[in-house]
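Coordinate analysis (summary)
Take a look at the letters that make up each chain.
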Amino acid sequence: MEYENRDEWIIKKYQQDEATMIQLFVTWSLQNELDPVQLYQRAYPAQSKNEALVRAVEEADPTEFEISNETLLDVLQLFGNDDLAFVASEEIEKLERK
């Protein structure tokens, strides 16, 4: 594998993994009757509209598979989305009190 191709492969793989993370977040949010766009804006108020997130919401099927709270938090933290993981953990606490 040439070096340039390897770099391209690494970038493409990261983008695919990031898309999976977004899909998991959206699915978890919808399964818990939460608005993923609103949660994202709470975590990152200075960021503009996240097109990948909006696309994932439009394509989401929250019944396809179930995402546990722990899995969501692990995946978010793995990708360095600590602010979003914090907002999600606040919502998890609220859900557990119900």
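As a reminder, the structure under discussion sits directly above these lines.
Residues numbered from 1 in each chain as written. Predicted model: local features only at pLDDT ≥ 70, side-chain atom pairs only at ≥ 80, totals over all residues. Heavy atoms only, no water.

This part takes up the packing of aromatic side chains. Taken as a whole and assessed by the stated rule, the structure comprises two aromatic pairs. Each ring, one from Tyr14 and one from Phe79, has its centre 5.7 Å from the other, and the planes form 50 degrees; the classification is tilted. You can see Tyr14 sitting in helix α1 (residues 3–31) and its partner Phe79 sitting in the loop between α4 (69–78) and α5 (82–97), a full 65 residues away along the chain. Residue Tyr14 is classed as partly exposed on the basis of its relative accessible area, which comes to 43%. (Phe/Tyr/Trp six-rings, centres within 6.5 Å; stacked < 30°, edge-to-face > 60°. Helix = DSSP H or I, 4+ residues; strand = E, 2+ residues; numbered from the N terminus. Buried < 20%, exposed > 50% of the residue type's maximum accessible area, 1.4 Å probe, protein only.)

Another aspect to go through is the pattern of salt bridges. A full pass over the atoms with the stated rule returns five salt bridges. Salt bridges sharing common partners tie together Arg42, Glu90, Glu91 and Lys94. (Salt bridge = Lys/Arg side-chain N within 4 Å of Asp/Glu carboxyl O.)

To continue, consider unusual backbone geometry. With a phi angle near 55 degrees, Glu33 is a residue other than glycine that sits in the positive phi range. Along the chain, Glu33 turns up in the loop between α1 and α2 (36–43). The class for Glu33 is exposed, based on a relative accessible area of 76%.

Phe25, Trp28, Leu72, Leu76 and Leu84 are the most contacted members of the largest nonpolar core, which totals 23 residues. Among the elements of the structure, α1, α2, α3 (51–59), α4 and α5 are those that each provide at least two residues to this core. Not counting the four nearest positions on each side in its chain, Phe25 is found in contact with Pro36, Leu39, Tyr40, Leu53, Leu72, Leu76 and Leu84. (Core = buried A, V, L, I, M, F, W, Y, C linked by side-chain atoms within 4.5 Å. Contact = heavy atoms within 4.5 Å.)

Okay, the side chain of Thr27 next. Position of Thr27 among the secondary structure elements: in helix α1. Under the relative-accessibility criterion, Thr27 is labelled buried at 2%. Look past the residues within four positions of Thr27 in its chain and what remains in contact with it is Pro62, Phe65 and Ile67.

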